[in-house]
Amino acid sequence: MSITISELDPDRTVVVATGNAHKVIEIEAILSPAMPGVRFVALGELGDFPDPVEDGETFFDNALIKARAAQAETGLLMAVADDSGLCVDALDGAPGIFSARWAGEHGNDAANNEKLMEQMADVPDERRTARFHSSVVLVRGDEVLRGDGDCEGMVGWQPRGDGGFGYDPLFLPNETPGRTMAELSLDEKNLISHRFHALEDLAAKL
C-alpha cells in the first residue's frame, strides 16, 4: 500500500530509509516513546526511489548518505537510516562497511558466508572474535543525531539456523551461548541486536 507524501504532516513524520517493514516496526518501537505523536513510514511506501551511492568510509557516513537522500527525495523534514555490518578481529575489521557486497554481488548471502568461512578456515577459536556494528542516523532539517551499537560474539565454523539473513548463520552472539543469530527468534534477536543497541543510544539523545 502506497502513501501519498502530500497527505503526511511534515512536522510529525519520520521517513525510514528502508523498504523493510520489520525494520520500521523495530525503529518505531524504540524511538516513538521519545518522539510522541510522530508517524514512522518506510521510504518504500512513499514511492520507488533510486538507492543512493553508499561511498562513505564508515557506517555513520553511509547511514547519513541514506538519511539525507530520503530527506531530499521525499521533501520531508525528518529521516532515519542505519548502516550495519560484521567486523571480524582476525580480518582487521573486514568485511565491515562492505559486508553486503563482500563477495562481489550485493546481497548474495551465500557467497558472502562462503568467503567468510574460507578466510577464517585456519583461525583458532580464541581468535574468532567479531561483532555486528550498527550506526543509526536521524536528520531533522540540518540537525544530525546518531546512535551506535554493537553485538559482540564470534564467527562459527559452519552455518546453522534458517532465521535472519546475512552473516547470521555464522555469528554466535556472546549473549546466547551455543546458538547462532540465525537460530534465535525475531524477538530474541531484537533484544540483543546491534541495531537495538544503536537505536537505544539514539533514543537517549532525543
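Structural data are supplied above this passage.
Residues numbered from 1 in each chain as written. Predicted model: local features only at pLDDT ≥ 70, side-chain atom pairs only at ≥ 80, totals over all residues. Heavy atoms only, no water.

Remarks on the nonpolar core
Val14, Ile27, Leu31, Met35, Phe40, Val80 and Leu138 are the most contacted members of the largest nonpolar core, which totals 20 residues. At the level of elements, β1 (13–16), α1 (21–31), β2 (39–42), β3 (78–88), β4 (129–140) and α6 (194–203) are the ones that each hand at least two residues to this core. The leading source of residues in this core is α6, at five residues. With near-sequence residues (within four places) excluded, Val14 lies in contact with Met35, Val38, Arg39, Phe40, Val41, Met78, Ala79, Val80 and Leu138. Core analysis: the second largest hydrophobic core is formed by 18 residues, Val88, Leu91, Val155 and Phe171 among them. (Core = buried A, V, L, I, M, F, W, Y, C linked by side-chain atoms within 4.5 Å. Buried < 20%, exposed > 50% of the residue type's maximum accessible area, 1.4 Å probe, protein only. Helix = DSSP H or I, 4+ residues; strand = E, 2+ residues; numbered from the N terminus. Contact = heavy atoms within 4.5 Å.)

As for the sheet that holds β4
Taken in spatial order, the six strands line up as β2-β1-β3-β4-β5-β6 in an open sheet, and their pairing is mixed. The open sheet is flanked by β2 and β6 (171–173), the only strands paired with a single partner. Each strand of the sheet is rotated relative to its neighbour by a mean of 35°, with strand direction disregarded. Of the pairings in the sheet, the one linking strand β5 (residues 143–155) to β6 comprises three bridges and is antiparallel in character. Following the sheet pairing, Val155 is matched in β6 by Phe171. This element, α1, spans β1, β2 and β3 of the sheet and lies at about 160° to β2. Helix α3 (residues 59–74) rests against β1, β3, β4 and β5 of the sheet, and its axis sits at about 155° to β3. (Pairing = 2+ DSSP bridges. Axes fitted to C-alpha atoms, helices over the stretch in contact; angles between N-to-C directions.)

A look at the packing of aromatic side chains
A complete count under the given rule lists one aromatic pair for this structure. Cation over ring: Arg128 sits above Trp157, and NZ or CZ is 3.7 Å from the ring centre. Lying over the aromatic face of Phe60, Arg146 brings its terminal NZ or CZ to 4.2 Å of the ring centre. (Phe/Tyr/Trp six-rings, centres within 6.5 Å; stacked < 30°, edge-to-face > 60°. Lys NZ or Arg CZ within 6 Å of the ring centre and 35° of its normal.)

Things to note about the side chain of Asn62
Mapped onto the elements, Asn62 comes out in helix α3. We classify Asn62 as buried; its relative accessible area is 1%. The residues contacting Asn62, other than those within four sequence positions of it, are Glu54, Asp55, Gly56, Asp83 and Ile97.

Overview of the packing of α1 against α6
One way to put it is that α1 packs onto α6 with a least axis distance of 9 Å and a crossing angle of 35°. When the axes of α1 and α6 are compared, the crossing they make is right-handed. In this structure, α1 uses Lys23, Glu26, Ile27, Ile30 and Leu31 to contact α6, whose residues at the interface are Arg195, Phe196, Leu199, Glu200, Leu202 and Ala203. (Left-handed = near helix turned anticlockwise from the far one by under 90°.)

Structural notes on the state of the cysteines
Within this structure, the stated rule accounts for zero disulfides. Its sulfur unpaired, Cys87 is 12 Å from the next cysteine sulfur, which belongs to Cys151. (Disulfide = S-S within 2.5 Å.)

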